[in-house]
Amino acid sequence: MSKDNQKKSLQRGLNNRHIQLIALGGSIGVGLFYGSSATIQMAGPSILLSYLVGGLVIFTIMRALGEMAVDEPVSGSFSSYAHRYLGEFAGYLTGWTYWFMWVVVGMSEITVVGVYVNYWFPDIPNWLIALAVIIVFTMVNLANVKAFGEFEFWFALIKVVAIIGMILLGLGIIFLGIGNGGQPIGFDNLWAHGGFMPNGINGIIMSLVLVMFSFGGVELVGITAGEAKNPQHSIPSAINNVIWRILIFYIGALGVMMILYPWNQIGTNGSPFVLIFDKVGIPGAADVINFVVITAALSAFNSGLFASGRMLYNLSLQNNGPKYFGKLSKNGSPIRGILFSSLFLLVAVFLNYIVPEKVFLYISSVATVAVITSWTIILITQLKFRKLKTKKDIEKLVFKMPLYPVSSYLALAFLAFVVVLMGFIEDMRIALIVAPIWFLILYIGYKIKKRDFTKSSIEK
């Protein structure tokens, strides 16, 4: 399929409001609502510093992606850029690893949906809930891109409004004593249980791994560039809002949560958001928050399935994936890529059946390596992208990377540091075993592809 055909087939049906909420939908999900309990146990209230540091790195990565996406808005985003600026194997590695990341993240999202649903219906097995989610959202993603954008807009809007409402309600409890007999709670919980940094600087450092996992999905906005109606406007707007999303939805929400409830009593069974409002005693609040966190996980899962299908489609255009995935439905959706991704997601159903208590941590650790690989290639590609530009070309860039190239190198060093940290966390070492195996599989697959392509060329 040629590039011209790609342009004819893809539908630029995503408005600015769709882009903004899709970006939110991909980044506010299981990492915030469920994984935050584990990070809080590592660092206590000082986890807020971890999210601030990680957020600055994420903003740097997003600006690197944004510079390229605004200049060259294409489907497949950074896989296409890696293919063009770093070589064929880089595009192959990036595309398949990013697809793998979203499949793994999707597994974690539907795993946690089971935990949330069990809050109301404890007798329903997690594997059955996971299976139902896969079936329903595969059908949603087979619709045209505009329908998907509209669905995700409202789905993501629910959790955004709810989190803001939760923060405001929390502030009311803190300052006015709402739901607490009129007695303001105050800020004592931030330092009354071992201090603001109960586990020292080591706790902050070790928490960075799960903190970075929680940010996985912010780069999804780059995938939408090829189907955005006005990428030159919507992409910069979505990326520049990343820092505000982090301050409000991560630091703001978790800050309020730890003020309301002692950090050392926040467990890992269920979402800490639900547990807090249940303990505060506000009638119905826990049920509302539980509904919201289910919506958040489903929204992130939905965005991930969207991204994985598009990435497989782009890989087929680059000859880095089977031509089979280049087939689009009449509605312009990469139907085969979506169905293939859904098939792999069934692994989560099996894992929830055999090891339900360990699924989230294992899956999140593997996903962290995959997303760090994608972020690393984004930064390296942007460095090469800029070096190949003439001075005149650079002047024409409308969304330049700030503090280039120092910011890119600092972000790369930070990502390398996070990978090293994973080796010191027992349950996350599995990712450092899975990652080399995955890269070896990709290398072998690439060599086979090149051999077959060369053979077919000679025969012709």
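Novice: Sorry if this is basic, but what is going on with the overall build of the protein chain here?
Specialist: A count of helical and extended segments in the protein chain gives 20 helices and zero strands. Across the 460 residues in the protein chain, those meeting the buried criterion constitute 58%. Of the contacts formed within the protein chain by residues at least 6 apart in sequence, a portion of 82% connects residues at least 24 apart. Roughly 18,200 Å² of accessible area belongs to the protein chain as shown, and the carbon and sulfur atoms make up 67% of that amount.

Novice: Help me understand the pattern of salt bridges in this model?
Specialist: Side chains that differ in sign of charge can pair as their charged atoms come close. A full pass over the atoms with the stated rule returns four salt bridges. For the salt bridge of Arg386 with Glu67, the shortest nitrogen-to-oxygen distance reads 2.6 Å. Linking Arg386 in helix α17 (residues 359–387) with Glu67 in helix α5 (residues 47–71), this pair joins segments that are 319 residues apart in sequence. Note on accessibility: Arg386 and Glu67 belong to one class, buried. A salt bridge links Arg84 to Glu72, with the shortest nitrogen-to-oxygen separation between them at 2.3 Å. In this pair, Arg84 is assigned in helix α6 (residues 78–85) and Glu72 in the loop between α5 and α6, connecting sequence segments 12 residues apart. For Glu72, a relative accessible area of 13% puts it in the buried group.

Novice: What's the story with the nonpolar core in this structure? I'm lost.
Specialist: Note on soluble globular proteins: their nonpolar side chains tend to be buried together. The biggest cluster of nonpolar side chains holds 129 residues, and the ones touching the most others in it are Ile58, Trp96, Met212, Phe215 and Trp375. The biggest single contributor to this core is helix α7 (residues 88–120), with 18 residues. Setting aside its immediate chain neighbours within four residues, Met212 contacts Gly54, Val57, Ile58, Trp375, Phe414, Leu415 and Val418.

Novice: In this structure, what is going on with the packing of aromatic side chains? I would like to understand it.
Specialist: In the structure shown here, the tally under the stated rule is 19 aromatic pairs. Measuring from centroid to centroid gives 6.4 Å for Phe89 and Tyr92, while their planes differ by 20°, and the two rings are stacked. With a gap of three residues between them, Phe89 and Tyr92 both fall in helix α7, about one helical turn apart. Taking relative accessible area as the criterion, Tyr92 reaches 8% and is therefore assigned buried. Counting every residue linked through ring pairs, the aromatic cluster contains Trp96, Trp99, Tyr324, Phe325, Phe340 and Phe344. Seen from the ring of Phe399, Arg63 lies directly overhead, with NZ or CZ sitting 4.1 Å from the centre.

Novice: I tried to follow helix α13 (residues 242–260) on my own but got confused; where do I start?
Specialist: Helical periodicity: at 3.6 residues per turn, an α-helix aligns residues three or four positions apart in one direction. A rise of 1.5 Å per residue sets the reference length of α13, with its 19 residues, at 27 Å; its end C-alpha atoms lie 26 Å apart and thus fit the reference within 8%. Of all bends in α13, the biggest is about 30°, found at Gly252. Counted residue by residue, α13 has 14 buried out of 19 residues, so it is predominantly covered.

Novice: What's the story with the environment of Ile372 in this structure? I'm lost.
Specialist: Counting through the fold element by element, Ile372 comes out in helix α17. We classify Ile372 as buried; its relative accessible area is 4%. Residues in contact with Ile372, not counting those within four places in the same chain, are Leu415, Val418 and Val419.

Novice: Before we go on, may I ask you to explain unusual backbone geometry in this structure?
Specialist: Negative phi characterises most residues that are not glycine, and trans characterises most peptide bonds. A cis amide bond links Tyr404 with the next residue in sequence, Pro405, at an omega value of 0°. With a phi close to 65°, Asn319 is a non-glycine residue in the positive phi region. Relative to the helices and strands, Asn319 resides in the loop between α15 (285–317) and α16 (335–354). Unlike most non-glycine residues, Leu403 shows phi in positive territory, near 55°. Mapped onto the elements, Leu403 comes out in the loop between α18 (391–396) and α19 (406–422).

Novice: For this particular structure, what's the right way to read the packing of helix α12 (residues 231–240) against α13?
Specialist: A pair of packed helices can be characterised by two numbers: the angle between their axes and the separation between those axes. As a packed pair, α12 and α13 sit with axes 4 Å apart at the nearest point and diverge in direction by 35°. Contacts between α12 and α13 involve Ala238, Ile239 and Asn240 on the former and, on the latter, Val242, Ile243, Trp244 and Arg245. Across the contact of α12 with α13, the residue classes break down as five nonpolar, one polar and one charged.

Novice: Just to check I follow, could you spell out the packing of α7 against helix α8 (residues 126–141) for this structure?
Specialist: Between α7 and α8, the shortest axis-to-axis distance is 8 Å and the interhelical angle comes to 120°. Classified by the angle between their axes, α7 and α8 sit oblique to one another. In this structure, α7 crosses over α8, and the sense of that crossing is right-handed. In contact with Ile110, Thr111, Val113, Gly114, Val115, Val117 and Asn118 of α7, α8 contributes Asn126, Ile129, Ala130, Val133 and Ile134. Residues of the contact of α7 with α8, tallied by class, amount to eight nonpolar, four polar and no charged.

Novice: What is the right way to read the side chain of Thr94 from this model?
Specialist: Relative to the elements of secondary structure, Thr94 occurs in helix α7. Given the relative accessible area of 1%, Thr94 is considered buried. Of note is the side chain of Thr94, whose polar atom sits 2.6 Å from the backbone oxygen of Ala90. Not counting residues within four places of it along the chain, the set of residues in contact with Thr94 comprises Phe78, Ser79, Ala82 and Ile377.

Novice: Would you mind showing me how to read the side chain of Gln382 here?
Specialist: Along the chain, the position of Gln382 falls in helix α17. A relative accessible area of 0% places Gln382 in the buried class. The contact partners of Gln382, leaving out residues within four places of it in the chain, are Ala64, Glu67, Met68, Met401, Tyr404 and Ser408.

So, how was this worked out
Residues numbered from 1 in each chain as written. Predicted model: local features only at pLDDT ≥ 70, side-chain atom pairs only at ≥ 80, totals over all residues. Heavy atoms only, no water. Helix = DSSP H or I, 4+ residues; strand = E, 2+ residues; numbered from the N terminus. Buried < 20%, exposed > 50% of the residue type's maximum accessible area, 1.4 Å probe, protein only. Contact = heavy atoms within 4.5 Å. Areas by Shrake-Rupley, 256 points an atom, 1.4 Å probe, with all protein chains shown as cover. Salt bridge = Lys/Arg side-chain N within 4 Å of Asp/Glu carboxyl O. Core = buried A, V, L, I, M, F, W, Y, C linked by side-chain atoms within 4.5 Å. Phe/Tyr/Trp six-rings, centres within 6.5 Å; stacked < 30°, edge-to-face > 60°. Lys NZ or Arg CZ within 6 Å of the ring centre and 35° of its normal. Expected span 1.5 Å × (residues − 1). Bend = angle between axes of the 7 residues up to and from the residue. Axes fitted to C-alpha atoms, helices over the stretch in contact; angles between N-to-C directions. Nonpolar A, V, L, I, M, F, W, Y, C, P; charged D, E, K, R; others polar. Parallel < 35°, antiparallel > 145°, perpendicular 65-115°, else oblique. Left-handed = near helix turned anticlockwise from the far one by under 90°. Polar contact = N/O pair within 3.5 Å; in protein donor to acceptor, adjacent residues only side chain to side chain.

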